[in-house]
Amino acid sequence: VQLVESGGGLVQPGGSLRRSCAASGFTFSTNVMSWHRQAPGKERELVAFIFSAGGMTTYADSVKGRFTISRDNAKATVYLQMNSLKPEDTAVYYCKVRVRGFDYWGQGTQVTVSS
């Protein structure tokens, strides 16, 4: 199982970024995919997840209405579109999948929201 992330970086408050996570080594279309983040001095938290069938999504209250998780099963890629970014969104962002009872994580990428 491999998850390779891209996107992220530095953005001003109110700006947008899109994260991508390309997956391989498992049947992507049948697995729930999720995004998590970890800010300095804080525990890692769930940001959003998307089911395999039907694409039903769930979001943390802190990002609801601003972030959108989506997936392209043909490309085995999950996305996180982040709009109206706030300084408190600054964190390292990770994608994750659970396969046969084990959690696999992407390498993580820093997102910094600052003027």
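These notes cover the structure that comes with them. (Residues numbered from 1 in each chain as written. Predicted model: local features only at pLDDT ≥ 70, side-chain atom pairs only at ≥ 80, totals over all residues. Heavy atoms only, no water.)

## Thoughts on the pattern of salt bridges
Point 1. Tallied over the entire structure, the rule returns seven salt bridges.
Point 2. The shortest N-O distance in the salt bridge between R37 and D89 comes to 2.9 Å. Residue R37 is located in strand β4 (residues 33–38), and its partner D89 is located in the loop between β8 (77–82) and β9 (91–99); the two are separated by 52 residues in the primary sequence.
Point 3. We note a salt bridge from D89 to R66, for which the minimum N-O separation is 2.7 Å. Note that D89 is positioned in the loop between β8 and β9 and R66 in the loop between β6 (57–59) and β7 (67–72), a separation of 23 residues in sequence. Assigned by exposure class, D89 and R66 land together as buried.
Point 4. Linked through salt bridges whose partners overlap, the residues forming this network are R37, E45, R66 and D89. (Salt bridge = Lys/Arg side-chain N within 4 Å of Asp/Glu carboxyl O. Helix = DSSP H or I, 4+ residues; strand = E, 2+ residues; numbered from the N terminus. Buried < 20%, exposed > 50% of the residue type's maximum accessible area, 1.4 Å probe, protein only.)

## A word on the pairing of β8
Point 1. The buried count for β8 comes to five of six residues, which makes it a mostly enclosed element.
Point 2. Turn length for the β7-β8 hairpin, with the two strands adjacent in sequence and antiparallel, is four residues, and the turn residue A76 shows positive phi of about 50 degrees. (Pairing = 2+ DSSP bridges.)

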